[in-house]
Amino acid sequence: HAEHGIGRGFFGGFVPAVAKGAITNCIRFLGYGLITRSMMRQQQSDAADMAGGTVGSGAANAPLPAWKTMLAGGIAGAVSAVVSQPIDTVKANMMGLEGKRFNSTVGCTMQLVRAGGVLSLFQGVGPRAARVFVEVGLQFTLFEAIGRQLDALLNNTERS
């Protein structure tokens, strides 16, 4: 902080970091919810077709298999990575070793676009989207699996 001061030394890149976190989480949770609801409707429709049109069978109300929650979470995560990549690029530049050359988030964005065009804000999006696909897919899959285990445990405990 001696060279940059408390504000720029500790909080350089703070605004894009918070913006990226907010945007990615909104996209991930909204996307996961929409995708899993669609998958559940399809699962219920398939189960009703197999049961001769009867809705309400056990298969129709079964939780999604892990591969489907992994896919839903992965898609939501990858979309969030692509959408937030420009903000992530700005954040990384502001927080990097050369961050002192940028006066603000807008100034950083303008310098990056002037130097490399708008596409420069999407540099590295492919590997990031692949990593986030796996990370967020696992995150939601584990959330669902652990949630089911906790529900079963708590339901058994309450009855005792």
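Residues numbered from 1 in each chain as written. Predicted model: local features only at pLDDT ≥ 70, side-chain atom pairs only at ≥ 80, totals over all residues. Heavy atoms only, no water.

**Considerations on the side chain of Ser 120**
Moving on, step 1. As for its placement among the helices and strands, Ser 120 is situated in the loop between α4 (105–116) and α5 (125–159).
Moving on, step 2. Taking relative accessible area as the criterion, Ser 120 reaches 16% and is therefore assigned buried.
Moving on, step 3. Only 3.2 Å separates the side chain of Ser 120 from the backbone oxygen of Leu 112, close enough to count as a polar contact.
Moving on, step 4. When residues no more than four places from it in sequence are discounted, the contact partners of Ser 120 are Thr 89, Leu 112 and Val 113. (Helix = DSSP H or I, 4+ residues; strand = E, 2+ residues; numbered from the N terminus. Buried < 20%, exposed > 50% of the residue type's maximum accessible area, 1.4 Å probe, protein only. Polar contact = N/O pair within 3.5 Å; in protein donor to acceptor, adjacent residues only side chain to side chain. Contact = heavy atoms within 4.5 Å.)

**Details of helix α3 (residues 66–95)**
Moving on, step 1. For α3, spanning 30 residues, the distance from its first C-alpha to its last is only 37 Å, which falls clearly below the expected 44 Å at 1.5 Å a residue.
Moving on, step 2. Approximately 55° is the largest bend angle found in α3, and it occurs at Gln 85, with the proline Pro 86 only one to four residues beyond. (Expected span 1.5 Å × (residues − 1). Bend = angle between axes of the 7 residues up to and from the residue.)

**A closer look at the pattern of salt bridges**
Moving on, step 1. Taken as a whole and judged by the stated rule, the model has 4 salt bridges.
Moving on, step 2. Notably, a salt bridge pairs Asp 88 with Lys 91, separated by 3.6 Å at the nearest N-O pair. On the criterion of helical spacing, the pair formed by Asp 88 and Lys 91 is a turn pair, its members being 3 residues apart in helix α3.
Moving on, step 3. Asp 88 is the salt-bridge partner of Arg 128, the closest N and O atoms lying 3.6 Å from each other. With Arg 128 in helix α5 and Asp 88 in helix α3, the pair connects residues that are 40 residues apart, well separated along the chain. (Salt bridge = Lys/Arg side-chain N within 4 Å of Asp/Glu carboxyl O.)

**Some remarks on the nonpolar core**
Moving on, step 1. Among the nonpolar cores identified, the biggest contains 10 residues, and these are Tyr 32, Met 39, Leu 64, Ala 72, Ala 76, Ala 81, Ala 129, Val 132, Val 136 and Phe 140.
Moving on, step 2. When residues of this core are traced back to their parent elements, those giving at least two are α2 (14–50), α3 and α5.
Moving on, step 3. Ranked by residue count, the leading element in this core is α5, at 4 residues.
Moving on, step 4. Look past the residues within four positions of Met 39 in its chain and what remains in contact with it is Leu 64, Lys 68, Leu 71 and Ala 72.
Moving on, step 5. In terms of nonpolar packing, the next biggest core, distinct from the first, is built from 6 residues, Met 94, Cys 108, Leu 112 and Leu 121 among them. (Core = buried A, V, L, I, M, F, W, Y, C linked by side-chain atoms within 4.5 Å.)

Read these as layout, nothing more, since geometry by itself doesn't imply function.
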